[in-house]
Amino acid sequence: MRFEGQCALVTGGAGGIGAALVRALRAEGALVAVSDRQSGAVEAEAHLDGDLLDGAFCDALPGRAEAELGGLDMVFNNAGVITRGDITTARDDDWRLTMGVNVEAPFRICRAAIPILAARGGGAIVNTSSCWGLRPGPNHPVYVTSKAAIASLTQCLGRDHAHQGIRVNAVCPNEVDTPMLRTGFAARGLDPEQAIEDLNASVPVGHIASPEEIVDVMLFLASDAARYMCGALVEVNGGKAVI
Ligand code: NAD
């Protein structure tokens, strides 16, 4: 029960990693405000649904979570979208969507959350970047750029706000078995089960990550065990470097 009585905001809380994160936080005693487009199916202490492309919604989210839960100690900027294809196929809307959800929303949420956390004497923010935020993967320049931007934002905020007791870190997963990955296979006309089996064979530990294998690291980063970590980008890849 590492998080007994602590209050957490989770974006993308109805998704593959997000729903597992909400479950794990609550199992360890946290009170959770879950945010997504529709999070009603996820058990939590508060549901703050809306569109992360709406700037005013993002600006208000940490304050609303604090009001609903009676405090705010942890923020998980987990929501994300992936846009695929090389730059010649990228539409203006792909750029706006990807940078809006993956970069601008966390920027707004961090900007609003940091004064709240500071007033409480500190807290933890865990952003979700990607292995592709650390090194480029092929044919996803818009997504990769967004994940590099959130990685850089994490390093900046980790440095700027450590003196306030606020630790800002990021998890950088490689492939995780979630709807994001599976819908990508389906969109390319591949059988998701077969595609995941093929991917499993490419990972040195023998399988792509389950959501829980990423969540364990996110909880570590939010916990007191990571109290000296600020601005860290933690790669979680089963031994598979980006090719
Ligand atoms: P997912 O698609 O299962 O979940 C993402 C969630 O974000 C969804 O529930 C979706 O509704 C929400 N979301 C997207 N746009 C939104 C918007 N405009 N407003 C409100 N909510 C919105 O994906 P996931 O795999 O669980 O991804 C979680 C995070 O992990 C993302 O940031 C993703 O980029 C990152 N990541 C995933 C993988 C992977 O292989 N699955 C690898 C590296 C990083």
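Conventions used here
- Residues numbered from 1 in each chain as written.
- Predicted model: local features only at pLDDT ≥ 70, side-chain atom pairs only at ≥ 80, totals over all residues.
- Heavy atoms only, no water.
- Domains from an automatic or database assignment.
- Contact = heavy atoms within 4.5 Å.
- Buried area = accessible area lost by both parts, 1.4 Å probe.
- Salt bridge = Lys/Arg side-chain N within 4 Å of Asp/Glu carboxyl O.
- Polar contact = N/O pair within 3.5 Å; in protein donor to acceptor, adjacent residues only side chain to side chain.
- Helix = DSSP H or I, 4+ residues; strand = E, 2+ residues; numbered from the N terminus.
- Nonpolar A, V, L, I, M, F, W, Y, C, P; charged D, E, K, R; others polar.
- 1 Å grid on protein atoms, 1.4 Å probe; cavity = no way out; pocket = protein on both sides within 12 Å on 5 of 7 lines; lining within 4 Å.
- Points joined across faces, edges and corners; volume = space filled by probe spheres on them.
- Axes fitted to C-alpha atoms, helices over the stretch in contact; angles between N-to-C directions.
- Parallel < 35°, antiparallel > 145°, perpendicular 65-115°, else oblique.
- Left-handed = near helix turned anticlockwise from the far one by under 90°.
- Near = heavy atom within 4 Å.
- Sits in = over half its atoms within 2 Å of the grid points.

**A word on the domain arrangement of the protein chain**
Here comes step 1: Assigned domains within the protein chain: domain 1 (7-174 + 212-234) and domain 2 (176-208).
Here comes step 2: A straight line from the C-alpha centre of domain 1 to that of domain 2 covers 24 Å.
Here comes step 3: Tallying the contact residues gives 11 residues for domain 1 and eight residues for domain 2.
Here comes step 4: Buried area between domain 1 and domain 2, both sides added, is near 630 Å², and the carbon and sulfur share of it is 66%.
Here comes step 5: Ranking the residues of domain 1 by area buried against domain 2 places Gly16, Arg84 and Glu213 at the top, with a combined share of 51%.
Here comes step 6: At the surface where domain 1 touches domain 2, the tally comes to zero salt bridges.
Here comes step 7: Inspection of the domain 1/domain 2 interface yields two residue pairs in polar contact (both at pLDDT 80 or more).
Here comes step 8: Only helix 1 (16-27) and helix 8 (211-222) provide two or more residues apiece to the side of domain 1 that touches domain 2.
Here comes step 9: Of the residues that constitute the side of domain 1 that touches domain 2, the class distribution is six nonpolar, three polar and two charged.

**Side note on the environment of Pro62**
Here comes step 1: The topology assignment puts Pro62 in helix 2 (residues 55-69).
Here comes step 2: For the pair Pro62 and Val10, spaced 52 residues apart in sequence, the C-alpha separation works out to 10.0 Å.

**Some details on empty space enclosed by the protein**
Here comes step 1: Taken as a whole and assessed by the stated rule, the structure comprises one cavity of 30 Å³ or more.
Here comes step 2: Taken as a whole, the largest cavity spans an internal volume of roughly 30 Å³.
Here comes step 3: In terms of lining, the largest cavity is formed by Thr83, Arg84, Gly85, Ala90, Asp94 and Val142.
Here comes step 4: The class makeup of the residues in the lining of the largest cavity is two nonpolar, two polar and two charged.

**Examining the packing of helix 3 (residues 92-119) against helix 5 (residues 141-160)**
Here comes step 1: Here helix 3 crosses helix 5 at 15°, and the two axes come no closer than 8 Å. On the basis of their axis angle, the class for helix 3 and helix 5 is roughly parallel. Along this stretch, helix 3 crosses helix 5, giving a crossing that reads as right-handed. Where helix 3 abuts helix 5, its residues Asp94, Trp95, Thr98, Met99, Asn102, Val103, Pro106, Phe107, Cys110 and Ile114 lie against Val142, Tyr143, Thr145, Ser146, Lys147, Ala149, Ile150, Leu153 and Leu157.
Here comes step 2: Across the contact of helix 3 with helix 5, the residue classes tally to 13 nonpolar, four polar and two charged.

**With respect to the side chain of Thr98**
Here comes step 1: Inspection of the secondary structure puts Thr98 in helix 3.
Here comes step 2: At 2.6 Å, the side chain of Thr98 forms a polar contact with the backbone oxygen of Asp94.
Here comes step 3: Excluding its chain neighbours within four sequence positions, the residues that come into contact with Thr98 are Val81, Thr83, Val103, Val142, Tyr143 and Ser146.

**Observations concerning the site of the ligand**
Here comes step 1: Around the ligand, the structure places 28 residues, and the nearest of them are Gly16, Asp36, Tyr143, Val176 and Thr178.
Here comes step 2: When each cavity is represented as a set of grid points, the ligand is found to reside in the largest pocket.
Here comes step 3: Among the secondary structure elements, those contributing two or more residues to the shell around the ligand are helix 1, helix 5 and helix 6 (179-187).
Here comes step 4: Broken down by element, the shell around the ligand gets its largest block of residues, three residues, from helix 6.
Here comes step 5: Here the residues of the shell around the ligand sort into 12 nonpolar, 11 polar and five charged.
Here comes step 6: Both domains that meet at the shell around the ligand, namely domain 1 (7-174 + 212-234) and domain 2 (176-208), each give it at least three residues.

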